[in-house]
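Now for the letters of each chain:
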Amino acid sequence: MAFQIPRGTQDILPGEAEKWQYIEKIARDICERYNYHEIRTPIFEHTELFLRGVGDTTDIVQKEMYTFEDKGGRSLTLRPEGTAPVVRSFVEHKMYGNPNQPVKLYYIGPMFRYERPQAGRFRQFVQFGVEALGSSDPAMDAEVIALAMELYQTLGLKQLKLVINSLGDAESRKAHRQALIDHFRGRIHELCEDCQVRLEKNPLRILDCKKDRDHELMATAPSILDYLNEESHQYFEKVKSYLTKLGIPFEVDARLVRGLDYYNHTTFEIMSDAEGFGAITTLCGGGRYNGLVQEIGGPETPGIGFALSIERLLAALEAEGITLPVREGIDCYVVAVGERAKEESVLLVNQLRKAGIVADKDYQDRKVKAQLKAADRLNAKLVAILGDDELAKNVINIKEMSTGEQTEVPLPSLIDFLKERLS
Ligand code: HAM
């Protein structure tokens, strides 16, 4: 029986994996410049963390978690997102006591959600995310958004749309919550069963319902922006003015409530505007979560962050026709002609690699012609042809593959010669 990969997952094969490495490297470089440090947390956590952190009325917790019992009878869950685990670690390691505040962290790793797979939606996907904990300065919100935008722009994406909103503080949300209940209560039976439960438990979630999205009650629902108290309003104004100062265009959409419960104040998403990009256009989502650290057992600490998946980023690059500058060939292929040369080529290729040259040789005992073909297939810039005669004279033949030009080079100066040709 032949096995197939589980639905909603993918193998990243050679050729494709280089693109991932390239993106990850750019993300790490940007984080370094913004002074964010990497954190690596486990792939699974106690289920309770997500019930508390992400919220038990969210789709993620209700429908999408990979939860299992281990042999010790504990309920564990493959992480569906990175924020709750990072906050758990922040509290567990008392990072709130670090002399350097805010604590600025980033992560790159797989997340798991049991969703219906489609273009841009996987059951295992890789998120790059950042979390800045310990600051309630609106400039922090702008920094986090700027970091996400910088990644996309560095990679060459142009057709981007940043949408922001504010969910306000606890007081503003309470007033809005009541307005939502009043708005929906009389006609809640027209909405789906989930929404009927949401009305009591968490009416904000109704606005995020995928089934009832087009119901007229949605369009007329009270806008959170009309319920922001003065402090929340001022906060949002500050965030917007910082974005403007940084030259980052944005749109405000009062319906951007996000699918996780921990948000307050700023929420944002970055979408692709590219033609032909699938139905799911959100590339990145994030926001402020000032109550989450406390919810998870730590002292009151503000936080803000975002996450974006590499899968959707790659899809956006493809939609905009952008190819990443990843290495597509090797520097030098060593062709050996004759028995002694074959033995010497083992050492030679090793010396080239140690000198920083991307080099390879034949391991299939191929004839010279077939070795040259292999060099061509590997897209080698240079071919070093080592024959027994050349060995006797202590020289080697270098062929430039693009021009066919051949040069005889003394073996002791080979590395310098190759480096010069490759530079
Ligand atoms: P989220 O909106 O659930 O937020 O996910 C963030 C991003 O992860 C999405 O915009 C998308 O790029 C990617 N993503 C989510 N689900 C899938 C999927 N099934 N397949 C492919 N990509 C997917 C969070 O996860 C929050 N933790 C973000 C955050 C960090 N908020 C504050 N800090």
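What you see is a predicted model, and the numbers here were worked out from it, not measured in a lab. (Residues numbered from 1 in each chain as written. Predicted model: local features only at pLDDT ≥ 70, side-chain atom pairs only at ≥ 80, totals over all residues. Heavy atoms only, no water.)

Remarks on the packing of helix 6 (residues 170-185) against helix 7 (residues 193-201)
Link 1 in the chain: Here helix 6 crosses helix 7 at 140°, and the two axes come no closer than 10 Å. Here helix 6 lies oblique to helix 7, going by the angle between them. Like other packed secondary-structure pairs, helix 6 and helix 7 cross with a definite hand, here left-handed. Residues R177, I181, F184 and R185 of helix 6 lie in contact with helix 7, whose contacting residues are L199, E200 and K201.
Link 2 in the chain: Residues belonging to the contact of helix 6 with helix 7 are distributed by class as follows: 3 nonpolar, no polar and 4 charged. (Axes fitted to C-alpha atoms, helices over the stretch in contact; angles between N-to-C directions. Helix = DSSP H or I, 4+ residues; strand = E, 2+ residues; numbered from the N terminus. Parallel < 35°, antiparallel > 145°, perpendicular 65-115°, else oblique. Left-handed = near helix turned anticlockwise from the far one by under 90°. Contact = heavy atoms within 4.5 Å. Nonpolar A, V, L, I, M, F, W, Y, C, P; charged D, E, K, R; others polar.)

Considerations on the UniProt feature "binding site: L-histidine" (unreviewed entry) in the protein chain
Link 1 in the chain: According to UniProt, the feature "binding site: L-histidine" (unreviewed entry) maps to E81, G82, T83, R113, Q127, E131, R258, Y262 and Y263 in the numbering used here.
Link 2 in the chain: Here R258 shows up in the loop between strand 8 (251-252) and strand 9 (264-272).
Link 3 in the chain: Judged by relative accessible area, R258 falls into the buried class, the value being 11%.
Link 4 in the chain: Non-local contacts of R258, meaning those with residues more than four positions away in its chain, are made with R205, D208, Y263, T267, F268, E269, G285 and G286.
Link 5 in the chain: Along the polypeptide, Y262 turns up in the loop between strand 8 and strand 9.
Link 6 in the chain: Setting aside residues no more than four positions away along its own chain, Y262 makes contact with G53, V54, E81, T83, R288, Y289 and L292.
Link 7 in the chain: Within the local environment of Y262, its side chain forms a polar contact with the side chain of E81, the two groups lying 2.5 Å apart. (UniProt positions renumbered as here; feature names shortened; annotations may be inferred. Buried < 20%, exposed > 50% of the residue type's maximum accessible area, 1.4 Å probe, protein only. Polar contact = N/O pair within 3.5 Å; in protein donor to acceptor, adjacent residues only side chain to side chain.)

With respect to the pattern of salt bridges
Link 1 in the chain: By the definition in use, this model includes 32 salt bridges.
Link 2 in the chain: A salt bridge links R121 to E115, with the nearest nitrogen and oxygen atoms 3.4 Å apart. Summarising the burial analysis for this pair, R121 and E115 share the class buried. (Salt bridge = Lys/Arg side-chain N within 4 Å of Asp/Glu carboxyl O.)

Considering the sheet that holds strand 11 (residues 303-309)
Link 1 in the chain: Read from one edge to the other, the open sheet built from 8 strands follows the order 1-5-6-11-10-9-7-8, with strand pairing classed as mixed. If you trace the sheet from one side to the other, it starts and ends with strand 1 (37-38) and strand 8, each paired once.
Link 2 in the chain: Where strand 7 (residues 160-166) lies against strand 8, 2 bridges are found, and the strand directions are parallel. Each bridged residue has a counterpart across the sheet, and for I164 the counterpart in strand 8 is V252.
Link 3 in the chain: Contacts from helix 9 (residues 230-245) reach strand 7, strand 8, strand 9 and strand 10 (282-288) within the one sheet, and its direction differs from that of strand 7 by about 160°. (Pairing = 2+ DSSP bridges.)

Things to note about the site of the ligand
Link 1 in the chain: Residues in contact with the ligand amount to 27 residues; listed here are only the nearest, E81, E115, E131, Y263 and L283.
Link 2 in the chain: Q127 has a polar side-chain atom sitting 3.0 Å from an oxygen atom of the ligand.
Link 3 in the chain: Interatomic distance of 2.9 Å between a side-chain N/O atom of R258 and an oxygen atom of the ligand.
Link 4 in the chain: Its free accessible area being 660 Å², the ligand has 96% of it covered by the protein chains.
Link 5 in the chain: Of all the secondary-structure elements, those providing two or more residues to the shell around the ligand are strand 6 (124-133), strand 10 and strand 11.
Link 6 in the chain: Looking at which element gives the most residues to the shell around the ligand, the answer is strand 10, with 6 residues.
Link 7 in the chain: Here the residues of the shell around the ligand are counted per class, giving 11 nonpolar, 9 polar and 7 charged. (Near = heavy atom within 4 Å. Areas by Shrake-Rupley, 256 points an atom, 1.4 Å probe, with all protein chains shown as cover.)

Side note on the UniProt feature "domain: Aminoacyl-transfer RNA synthetases class-II family profile" (unreviewed entry) in the protein chain
Link 1 in the chain: In the numbering adopted here, UniProt assigns the feature "domain: Aminoacyl-transfer RNA synthetases class-II family profile" (unreviewed entry) to residues 1-325.
Link 2 in the chain: Helix makes up 35% of residues 1-325 and strand 20%, and the two end C-alpha atoms of the span are 39 Å apart.

Regarding the nonpolar core
Link 1 in the chain: Ranked by size, the top nonpolar core spans 50 residues in total, and within it Y36, F128 and F306 carry the most contacts.
Link 2 in the chain: At 10 residues, helix 5 (residues 138-154) tops the list of elements feeding residues into this core.
Link 3 in the chain: Aside from chain neighbours lying at most four places away, what touches F128 is A27, C31, Y106, Y107, I108, L147, L151, F306, A307, L308 and I310.
Link 4 in the chain: Among the nonpolar cores identified, the runner-up in size contains 47 residues, and F50, M65, L167 and I224 belong to it. (Core = buried A, V, L, I, M, F, W, Y, C linked by side-chain atoms within 4.5 Å.)

Some thoughts on the domain arrangement of the protein chain
Link 1 in the chain: Considered domain by domain, the protein chain is made up of domain 1 (17-169 + 229-319) and domain 2 (332-422).
Link 2 in the chain: Its C-alpha centre places domain 1 at a distance of 49 Å from the equivalent point of domain 2. (Domains from an automatic or database assignment.)

Points about the environment of R7
Link 1 in the chain: Looking at the element boundaries, R7 is found in the segment before helix 1 (17-33).
Link 2 in the chain: Its relative accessible area of 56% is what places R7 among the exposed residues.
Link 3 in the chain: Not counting the four nearest positions on each side in its chain, R7 is found in contact with P117 and R123.

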